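Notes for the structure review
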Amino acid sequence: MGGLCFYTLYAGYLGWQWRRVRTIQEEINELKKQVKPVPVAAGVDIQEGAAPTPVSPIESKIKQLTEERKELIKGSYKDRHFNAGSILLGFGVLEAVGGCVNTWFRTGKLFPGPHLFAGAGITVLWALAAALVPAMQKGNETARSLHIALNTLNVLLFIWQIPTGINIIFSVFEFTKWP
């Protein structure tokens with residue numbers, strides 16, 4: 001479960017980086033709208049040795065963001081985030097169901113409580129966040145925002161679930177007959 005928690009954070013980091021690739025392009029486009037064209041007199045050639053036109057702060061910011069975007073694109077964050085999310089969904093659901101089945105076979109019942117309910121909530125949030133992917137691929141910003149919100153709630157539930165899981169481990173050890 002600890003591995004799934006850290007992998008959830010890693011998938012979130014990859015998603016944030018992929019979002020940064022998209023938002024940098026939007027920033028660049030907005031800055032390009034602010035650049036004023038430099039008037040050039042008709043028929044005047046640029047003389048050799050003439051002082052170069054100074055680069056405006058906006059143009060230097062565009063250049064910086066463009067370089068940053070190129071570096072981010074090299075990271076393949078879109079594909080890596082998608083793959084991490086798919087792995088997380090698959091193993092997460094397997095772990096959630098497996099945990100319940102294990103408890104059922106060991107004790108003959110489930111123990112309703114914070115750990116069980118948080119785990120069920122996390123599993124549902126993974127599924128809902130994954131269900132938003134087709135809309136996000138079509139450019140739906142509402143789906144993207146909802147995806148981020150669901151996964152943020154998911155991380156909070158996961159962090160809350162850790163101490164309850166540790167309490168369960170101590171209870172299992174307490175009632176285990178050791179050889």
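Residues numbered from 1 in each chain as written. Predicted model: local features only at pLDDT ≥ 70, side-chain atom pairs only at ≥ 80, totals over all residues. Heavy atoms only, no water.

Further remarks concern the overall build of the chain. Check the secondary structure of the chain and you find six helices and zero strands. Secondary structure of the chain in N-to-C order comes out as α-α-α-α-α-α. A fraction of 82% describes how many contacts in the chain between residues 6 or more apart in sequence connect residues 24 or more apart. Accessible surface, the chain as shown: approximately 12700 Å² in total, 67% of it carbon and sulfur. (Helix = DSSP H or I, 4+ residues; strand = E, 2+ residues; numbered from the N terminus. Contact = heavy atoms within 4.5 Å. Areas by Shrake-Rupley, 256 points an atom, 1.4 Å probe, with all protein chains shown as cover.)

Moving on to the packing of helix α1 (residues 2-34) against helix α2 (residues 57-74). Where α1 meets α2, the closest approach of the two axes is 9 Å, and the angle between their N-to-C directions is 155°. It follows that α1 is roughly antiparallel to α2 by the angle criterion. Viewed along their axes, α1 and α2 form a crossing whose handedness is left-handed. For the pair formed by α1 and α2, the contact residues are Q17, R20, V21, I24, Q25, E27, I28, L31, K32 and Q34 on the first element and I58, K61, I62, L65, T66, E68, R69, L72 and I73 on the second. Of the residues contributing to the contact of α1 with α2, the split by class is nine nonpolar, four polar and six charged. (Axes fitted to C-alpha atoms, helices over the stretch in contact; angles between N-to-C directions. Parallel < 35°, antiparallel > 145°, perpendicular 65-115°, else oblique. Left-handed = near helix turned anticlockwise from the far one by under 90°. Nonpolar A, V, L, I, M, F, W, Y, C, P; charged D, E, K, R; others polar.)

The next thing to look at is the packing of aromatic side chains. The full count for this structure, using the stated rule, is three aromatic pairs. Between Y13 and Y77, the ring centres sit 6.4 Å apart and the planes meet at 90°, which makes this aromatic pair edge-to-face. Linking Y13 in helix α1 with Y77 in helix α3 (residues 77-107), this pair joins segments that are 64 residues apart in sequence. Judged by relative accessible area, Y77 falls into the buried class, the value being 13%. A ring pair is formed by W126 and F158, whose centres lie 6.0 Å apart and whose planes are at 65°; its orientation type is edge-to-face. With W126 in helix α4 (residues 114-131) and F158 in helix α6 (residues 141-174), this residue pair connects regions lying 32 residues apart in the sequence. Assessed through its relative accessible area of 7%, W126 is described here as buried. The exposure class assigned to F158 is buried, which follows from its relative accessible area of 3%. (Phe/Tyr/Trp six-rings, centres within 6.5 Å; stacked < 30°, edge-to-face > 60°. Buried < 20%, exposed > 50% of the residue type's maximum accessible area, 1.4 Å probe, protein only.)

Now for the nonpolar core. In terms of nonpolar packing, the biggest core is built from 17 residues, with I24, I28, L65, L72, L88, W126 and F158 touching the most fellow members. Among the elements of the structure, α1, α2, α3 and α4 are those that each provide at least two residues to this core. The biggest single contributor to this core is α1, with eight residues. Beyond its immediate stretch of four places on either side in the chain, L88 contacts L4, Y7, T8, A11, V93 and W126. Counting residues in each nonpolar core, the second largest holds six residues, with L125, A129, L132 and A143 among its members. (Core = buried A, V, L, I, M, F, W, Y, C linked by side-chain atoms within 4.5 Å.)

The next point concerns the UniProt feature "transmembrane region" (unreviewed entry) in the chain. Here the UniProt-annotated "transmembrane region" (unreviewed entry) positions come out as residues 82-105, 117-136 and 148-173. Helix makes up 95% of residues 117-136 and strand makes up 0%, while its end C-alpha atoms are separated by 28 Å. Across residues 148-173 one finds 100% helix and 0% strand; the C-alpha atoms that close the span lie 37 Å apart. (UniProt positions renumbered as here; feature names shortened; annotations may be inferred.)

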